[in-house]
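Working through the structure, step by step
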Amino acid sequence: MNYYSKEHPILFLDFSDCMVTSYDDFIRYLARKMASLYIEIIIPKINELTNICELENCLDIVEGNPEESLLKSSLFDLIRLLDFRIGKKEDRPMIFVDDIANPVMCSVKYGFYNQVNTFFEKFLDIDHYELTGGIYTTSFAPPNVDVDYTYKYISNKAVNGVEVLFKYCNDNNIYLEPINQDIVSWRGEFHNKISLVECCDEYFRCIDLKITEPNPEVCFDEALSQIISEKRIWLKAEKERIEKAKKEFEEKEKIEYAASFKGFEQVPSDFAGVRRLPELEIDDDKVDKLNSYLRKLYDSNKYTPDWSIIYDKIQNLKREERLQFDSTEMLVRLKEIADSITNIRYCKINVDDSFWARFEAQYKDCPEDCADISLVKAYLTVVRIEQLGVVFKDIVTYLLNCSHTMFYAKVSKVKRDDQICLWVSRDDFLLLEQYVCKNDDIFCTPLPFVGYRGKIGISREFYDWTSHNAVQSKLISNYFNVIDTRESINIMDMYSLYIAAWNGDLPEGHLFSKEYKKSNAQELIILLETFSILIGNARIDNNHILINGDKSLWCALGRAENWCQLDKYLAWYRTR
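Residues numbered from 1 in each chain as written. Predicted model: local features only at pLDDT ≥ 70, side-chain atom pairs only at ≥ 80, totals over all residues. Heavy atoms only, no water.

Looking at the chain, the pLDDT average stands at 84 and 80% of residues meet or exceed 70. Note on residues 155-165: pLDDT is under 50 here. Beyond four places in sequence and across chains, it has 31 contacts. (pLDDT = per-residue confidence, 0-100. Contact = heavy atoms within 4.5 Å.)

So this is what it looks like as structure tokens:
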């Protein structure tokens, strides 16, 4: 039975008739209970379910034959399907489970407590702020008994101690035992504190135990049987349609991945159309140094090759070491300077970020083809950390007075090597370079996987707005997960695997295939261009793709998952 109040919709489960002697009987009992709940709540809305997985799961539950894993998540799935996320907190459902002691105590008495414990940990793990108004369970223990119990969401709070439930029970003529004033809550103080087994014995002394054989069948009327039959027929047809479309897509994808790239003149990179790692001009000392660095990362992270740990290490990030300068005062002063410049369309600052102080500005005459994706990302690191605030303020002031497009800037509030990040147009990058050259002695180049031009580290923001160092860290982490031994670490091998995976030349089950076959051409070009700088004598000249400001080019690269798609997107963006 379910009750819908003005304050909260209420979902109600009653386990008072649950007297089972085995875990299998318990599962069959729960399956029937959830079938009844789904029939009452979901069947009237079943035509709104168009996702075949959700619909199939609902039908499995309604018919009383769900897999155990589906049954464990059935209460959570029900809440999610009701779509209460979009409502206010007051509109979210409250869940009440009455007489939950029955299955718990039966499981203790008949030796399947651990299985029931595991089941309920999953089944009741739904009390999330964005989903429910709360979850309450009742009738857990006899009066004046404090049980040392481990369930996250189960308590023995008296049913009439919960105001909303009290109203519900009154409205539905449900009898309430008088509140025992000694019982405060499951966290409160009790006069008699006993173990779960002792509580079980006390419980069975207080009730008349009548074990009944659970009926595994769920009974349907003719109308419900017709609904289920129609939905099963629709599901079968929809699955066949999806399978056919999947096969057609796979055939198309094979053709795309096998196609050669044609638009070389439109992409100013030697890596456009690459199928395997090309012969590069290599500096053996640089390769040895990078391999040595990778082995150190592996040694410090070999048991849990977590990309986030690698991310912190390659940037020397110390999140707990706060830098001592007033970033708020600095940003406020910079905004005052920007507001005094008549040609600036807008200026924004962000002082609330825990790790960065952020600044951005755009000029009134900023051209339309200057967009976020067309900006160069520049990294700067000062030699003396105590100068960081002053240097950042000086750089932003310089750009405010010289730029005519748009730029973003941020400075770290914690210790790290990528201290200053700027996103600037190609023209503003050349202006920034003039500033850095004049102050060359105050900057250094510590980032191991970023290509430098002078003292400026250069990359791009990736199409999905992931940072260069994050993408690089994930690549290293994935490589560590596929190598056999520490001695086999070789940066050339890592990038060879990456290129092969991107082109669809590795087995589908390979980790690199899962991670990189569907990644985009922008990521591939940026990583490979940076790689060629790190291992050889390649330089970032004024025609280099990393400082190219062509928005259409970067959009096409960001959307393309293979060379065939890149040809299509290049043509599409050129004709817009």
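Tallied over the entire structure, the rule returns 25 salt bridges. Measuring nitrogen to oxygen at the nearest pair gives 3.8 Å for the salt bridge that ties K72 to E68. Of this pair, K72 and E68 are both found in helix α3 (residues 68-72), four residues apart, which corresponds to roughly one turn of the helix. A relative accessible area of 32% places E68 in the partly exposed class. Put simply, E386 and R384 hold a salt bridge, and the shortest N to O gap is 2.8 Å. Relative accessible area serves as the criterion here: at 46%, R384 is assigned to the partly exposed category. Among the charged side chains, a network of salt bridges with common partners joins E253, E508, K517 and K518. (Salt bridge = Lys/Arg side-chain N within 4 Å of Asp/Glu carboxyl O. Helix = DSSP H or I, 4+ residues; strand = E, 2+ residues; numbered from the N terminus. Buried < 20%, exposed > 50% of the residue type's maximum accessible area, 1.4 Å probe, protein only.)

Turning to the layout of surface pockets, a few remarks are in order. Computed from the structure, the second largest pocket encloses a volume of approximately 540 Å³. Lining the second largest pocket we find 20 residues, and of these K289, L447, P448, V450 and L534 sit closest to its centre. Of all the elements in the fold, those that place two or more residues in the lining of the second largest pocket are α10 (284-301), β15 (451-453) and α18 (521-535). Sorting elements by how many residues they give to the lining of the second largest pocket places α10 first, with six residues. Broken down by class, the residue content of the lining of the second largest pocket amounts to 11 nonpolar, four polar and five charged. (1 Å grid on protein atoms, 1.4 Å probe; cavity = no way out; pocket = protein on both sides within 12 Å on 5 of 7 lines; lining within 4 Å. Points joined across faces, edges and corners; volume = space filled by probe spheres on them. Nonpolar A, V, L, I, M, F, W, Y, C, P; charged D, E, K, R; others polar.)

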